[in-house]
Amino acid sequence: MADTIFTKIINKDIPADILYEDELSLAFKDINPQAPVHFLVIPKKAIATINDIGEDDRELVGHLSYVAAKVADELGIAEEGYRTVMNCNEFGGQSVYHIHLHVMGGKLLGWPPFTDKPKTLE
Ligand code: 5GP
């Protein structure tokens, strides 16, 4: 797959506000936060979308949730709660084609999310 901006962040070719890093993953603040706390957890392995997650990636994808919870705790939002979201393709609102877990918290979030855009499957 083609490199994305997240490959450049992993390779430290462009800066990011990194919160956590290990051999499998990276967590960094979202550049355009949608909540008082909004960070992304990404695998270092480039996987374009949720649809591209392979059998061998199952542990890696689970690791992203583990890291999300660990960083959320460190940032003090764990007890009140937060939301994790992984968008997939156009209808899911995905804009960067390297899977990433959004972690948003620090305020009471509404549910369900919605859009005024009239596009549907039918
Ligand atoms: P998506 O729309 O694909 O679910 O989410 C992509 C997210 O990546 C967006 O929330 C966007 O603000 C964030 N993002 C895009 N480019 C950059 C960047 O260069 N640095 C950081 N830190 N976040 C980015």
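Being a predicted model, the structure only gives us computed values, none of them experimental. (Residues numbered from 1 in each chain as written. Predicted model: local features only at pLDDT ≥ 70, side-chain atom pairs only at ≥ 80, totals over all residues. Heavy atoms only, no water.)

Draft legend 1. Structural detail: the overall build of the protein chain. A tally of helices and strands in the protein chain yields three helices and five strands. Across its three principal axes, the protein chain shows a C-alpha extent of roughly 40 × 35 × 30 Å. Of all 122 residues assigned to the protein chain, the portion counted as buried reaches 34%. Considering only contacts within the protein chain whose residues lie at least 6 apart along the sequence, 56% involve residues at least 24 apart. Measuring between centres, the 11 positive side-chain charges of the protein chain sit 4 Å from its 19 negative side-chain charges. (Helix = DSSP H or I, 4+ residues; strand = E, 2+ residues; numbered from the N terminus. Buried < 20%, exposed > 50% of the residue type's maximum accessible area, 1.4 Å probe, protein only. Contact = heavy atoms within 4.5 Å. Lys, Arg positive; Asp, Glu negative; His and termini not counted. Charge placed at Lys NZ, Arg CZ, Asp CG, Glu CD.)

Draft legend 2. The site of the ligand, seen in detail. The immediate surroundings of the ligand are formed by 16 residues, with Lys29, Asp30, Asn87, Ser95 and His102 found nearest. Measuring from an oxygen atom of the ligand, one finds a backbone N or O atom of valine 96 at 2.9 Å. In the environment of the ligand, an oxygen atom lies 2.9 Å from a nitrogen or oxygen atom belonging to the side chain of histidine 100. Within the complex, the protein chains bury 83% of what would otherwise be the 520 Å² of accessible surface of the ligand. (Near = heavy atom within 4 Å. Polar contact = N/O pair within 3.5 Å; in protein donor to acceptor, adjacent residues only side chain to side chain. Areas by Shrake-Rupley, 256 points an atom, 1.4 Å probe, with all protein chains shown as cover.)

Draft legend 3. Structural view of the UniProt feature "domain: HIT" (unreviewed entry) in the protein chain. The sites that UniProt annotates as "domain: HIT" (unreviewed entry) are residues 5-114. Within residues 5-114, the helical portion is 25% and the strand portion 23%, while the C-alpha atoms at the span's ends are 27 Å from each other. (UniProt positions renumbered as here; feature names shortened; annotations may be inferred.)

Draft legend 4. Local environment of the pairing of strand E1 (residues 18-21). Where E1 lies against strand E2 (residues 25-29), three bridges are found, and the strand directions are antiparallel. Of the residues in E2, the one forming a bridge with tyrosine 20 is alanine 27. Counted between consecutive antiparallel strands, the loop separating E1 from E2 contains three residues. (Pairing = 2+ DSSP bridges.)

Draft legend 5. Spotlight on the side chain of serine 25. Among the structural elements, serine 25 can be located in strand E2. Excluding its chain neighbours within four sequence positions, the residues that come into contact with serine 25 are Tyr20, Ile42, Pro43, Lys44, His63, Leu64 and Val67.

Draft legend 6. Inspection of unusual backbone geometry at higher detail. In this structure, proline 112 follows tryptophan 111 across a cis peptide bond, with omega equal to 0°. Within the secondary structure layout, proline 112 lies in the segment after strand E5 (101-105). Although it is not a glycine, lysine 12 sits at a positive phi angle of roughly 65°. Residue placement: lysine 12 occurs in the loop between helix H1 (5-10) and E1. Look at lysine 12 and you get partly exposed, because its relative accessible area is 46%. Positioned with a positive phi, asparagine 89 is a non-glycine residue whose angle comes to about 60°. With respect to the helices, strands and loops of the structure, asparagine 89 is situated in helix H3 (residues 89-92).

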